[in-house]
Each structure stands twice: as C-alpha cells, then as structure tokens.
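So you can see what is in the structure, the chains are spelled out below.
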Amino acid sequence: GAVVSQHPSWVICKSGTSVKIECRSLDFQATTMFWYRQFPKQSLMLMATSNEGSKATYEQGVEKDKFLINHASLTLSTLTVTSAHPEDSSFYICSATAPGEAFFGQGTRLTVV
Amino acid sequence: GENVEQHPSTLSVQEGDSAVIKCTYSDSASNYFPWYKQELGKRPQLIIDIRSNVGEKKDQRIAVTLNKTAKHFSLHITETQPEDSAVYFCAARETQGAQKLVFGQGTRLTINP
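Residues numbered from 1 in each chain as written. Chains lettered and ligands numbered in written order. Predicted model: local features only at pLDDT ≥ 70, side-chain atom pairs only at ≥ 80, totals over all residues. Heavy atoms only, no water.

A. Examining the pattern of salt bridges more closely. Residues and elements named next belong to chain B. By the definition in use, this model includes 6 salt bridges over all chains. Close ionic contact of Glu39 with Lys37 constitutes a salt bridge, the shortest N to O distance being 4.0 Å. Given the relative accessible area of 40%, Glu39 is considered partly exposed. The exposure class of Lys37 is buried, given its relative accessible area of 17%. (Salt bridge = Lys/Arg side-chain N within 4 Å of Asp/Glu carboxyl O. Buried < 20%, exposed > 50% of the residue type's maximum accessible area, 1.4 Å probe, protein only.)

So this is what it looks like as structure tokens:
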C-alpha cells in the first residue's frame, strides 16, 4: 500500500516554543492531507484538512493561528504548533488518501514541559 | 457533518470466543466504512473496510456487516486470539467536500487467555 511518513516520531519542547511536524506521502501525490490529534485513551479527532496550494480548513474549535498548516507541495504537509503549552501535549497523526483508502503517518508524540 | 457512535467502549472476551463491535453513523450519504486496529503509540492499521454497495465482507477471522437502512455497521472477530487485543476504531467517510474520515470513539478489546 501507499506510504505516509511523519517526522519526528516524538518531540519534547519547552512551554512557549514552537514545534513543526512533517507529513510526507512517499509514493503518491496527495492534494489533501488530514491532521488528527489523539489524547490518551481517546479517539482520533480531526483538527484540520490540509489543501495543497491553498489555506487549510480547520475544524470547529481548533485555533488556526496556533496550529499552522502549510501544504506547499503534493507530497508534503506541515503542522506547526506555535507557543506550545502543556495542554497541547498529545499524539498528532496525519493521513493522506490514495485512491480508496486512507494511509496514516507514524504519529508524533508531543510533550510540552 | 457526519457523526459516528461506537459501542462498547471496552470489551473483554475469552480466547477463542467471538467479539462484536457496533457503530452507527448519521449521514446517509457516507459510502465508505473502514475499521482500524490501533496498538498503543502506533498508527491506526486498516483491518477491513466496506463500501455502501455491499452488505457484508469477510477476511479470514474478520467480517464487517453494513445495514444502510439503519445506518449501522459492525465488526465481527471470530476465534479471537491474544494478539487481537488492541483498540479498534470504526470510521465513516463523508462524500462531500474533502471526504473526511470521521471516527468512532474506539473500543478497547481485551482477549483473556
């Protein structure tokens, strides 16, 4: 199947700093990618839809100025958590859809201290 | 938008017995229903999916049934094994816009030896 690669797999940052997470489709082009957040023992909650060459679409309640999304090419989307706080600590996962199926990145465990 | 409800939240069965997890969805236009298995700290793995033009699909010990009229679909695992222990998520894909995947709340399945 198609491969989606996410980097880094884990990151620890200080409160107030920014963290960038990359999501790449390795063997297919993705005009749309999705960013999810998953808190412990909870489901995947869609944060935003990343659209190549245009602005991301954010779900209700997600701050677009805090979670910056850039989808500059057909194989790369980035999520930047700005001014991170401990409550932003979570598991962030991206996905992209190859025809008929969604493929997920490995996920990024973000810990803000 | 789509809303997916999943039950039960936890399920414990004896090894060798069957496990059934149920989901309901709200948008009758949704046409794709995947099931994912997620182990701790890992990405969701697709285990089986079904499209709206099919009522049942089976892959070895795993089967999924879909009732479009009632808007519910179920995962059936037979002859359960300890390695089936994980969190399982159902999802429904919207047909409008970006065709987002909306996830159920998840079911923690434990197989007791």
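B. Seen up close, the pairing of strand β3 (residues 19-25) of chain B. All names here are of chain B. Alternating positions in β3 separate cleanly, Ala19, Ile21, Cys23 and Tyr25 being buried on one face and Val20, Lys22 and Thr24 remaining unburied on the opposite face. One ladder, built from 6 bridges, connects β3 with strand β8 (residues 72-77); its direction is antiparallel. Within β8, the residue paired with Ala19 across the bridge is Ile77. (Helix = DSSP H or I, 4+ residues; strand = E, 2+ residues; numbered from the N terminus. Pairing = 2+ DSSP bridges.)

C. Up close: the interface of chain A and chain B. Opposite the 22 residues of chain A that make contact, chain B presents 19 residues. Across the chain A/chain B interface, buried area totals approximately 1500 Å², and carbon plus sulfur atoms make up 55% of it. Inspection of the region where chain A meets chain B yields 1 salt bridge. In this structure, the salt-bridge partner of A:Glu59 is B:Lys100, at a minimum N-O distance of 3.0 Å. Scanning the region where chain A abuts chain B turns up 6 residue pairs in polar contact (both at pLDDT 80 or more). Elements with a minimum of two residues in the side of chain A that touches chain B: β4 (32-38), β5 (45-51), β9 (90-98) and β10 (101-104) of chain A. Counting residues per element, the side of chain A that touches chain B draws most heavily on β4(A), which supplies 4 residues. (Contact = heavy atoms within 4.5 Å. Buried area = accessible area lost by both parts, 1.4 Å probe. Polar contact = N/O pair within 3.5 Å; in protein donor to acceptor, adjacent residues only side chain to side chain.)

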